[in-house]
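Inside the fold
Okay, here's what each chain looks like letter by letter:
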Amino acid sequence: MRVTNTVKAVSLACAVAWLAGCSSPSTTPDVTDATGSGAGAGVGGANSTGANTGGGISGSGIGGSVDVANLQTVFYFDFDQFSVRSDSLADLEAHAQYLATNPAAVVRLEGHADERGTREYNMALGERRAKAVERFLAINGVDMSRVETISYGEEKPAMLGSDEGSLGQNRRVELKYTSR
């Protein structure tokens, strides 16, 4: 009986150590460009570069307001990463500007992962991706009471298939306006 409890304790300790190793912080830069090279470090996966400058807004409506209909609403991530990529910054800044100037607007950030990894790991990764986008919006002046985050992990793939193209489409955060 004593040996069985010892074996259980050692097994539990190994499992905890393994999980802690899987959740270690990334050693890669927080913001990467499309080629994967670092473009700067920010707070927890977000970067305030160009914050509130209006640069990169892809469409302006009447009176200088942002036309969110012309902005990207799906933001992709590299494998096993939750850093906001530099190719997403301009559109995310424009969404932040829209949210800052439209107090009735509310968004939901839906985090997703590809099929690799356990269900639990992918749920956590999807949440970290959504939270990285949420932090970026906060840094750029968005009131967090108007942002909801949710993770679907691998449960709602955009593309079926195990090729890199399909997997890359599934590593994403979708920004959806629940009210404008």
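Residues numbered from 1 in each chain as written. Predicted model: local features only at pLDDT ≥ 70, side-chain atom pairs only at ≥ 80, totals over all residues. Heavy atoms only, no water.

**Concerning helix H3 (residues 119–139)**
The end-to-end C-alpha distance of H3 is 30 Å, a good match for the 30 Å that 21 residues give at a rise of 1.5 Å each. Summarising the contacts, the buried residues of H3 are in contact with helix H2 (89–101), strand E4 (106–112), strand E5 (147–153) and strand E6 (172–179). (Helix = DSSP H or I, 4+ residues; strand = E, 2+ residues; numbered from the N terminus. Expected span 1.5 Å × (residues − 1). Contact = heavy atoms within 4.5 Å.)

**Looking at the side chain of Arg171**
Following the sequence through the fold, Arg171 ends up in the loop between helix H4 (164–170) and E6. With relative accessibility at 7%, the residue Arg171 sits in the buried group. A polar atom in the side chain of Arg171 sits 3.2 Å from the side chain of Asp114. Apart from the residues within four sequence positions on either side, Arg171 is in contact with Phe75, Tyr76, Phe77, Asp78, Phe79, His112, Asp114, Arg116, Arg129 and Glu164. (Buried < 20%, exposed > 50% of the residue type's maximum accessible area, 1.4 Å probe, protein only. Polar contact = N/O pair within 3.5 Å; in protein donor to acceptor, adjacent residues only side chain to side chain.)

**With respect to the packing of aromatic side chains**
Scanning the model with the defined rule gives one aromatic pair in all. The cationic tip of Arg128 hangs over the ring face of Tyr121; the distance from NZ or CZ to the ring centre is 5.6 Å. Positioned above the aromatic ring of Tyr152, the side-chain terminus of Lys156 is 4.1 Å from the ring centre. (Phe/Tyr/Trp six-rings, centres within 6.5 Å; stacked < 30°, edge-to-face > 60°. Lys NZ or Arg CZ within 6 Å of the ring centre and 35° of its normal.)

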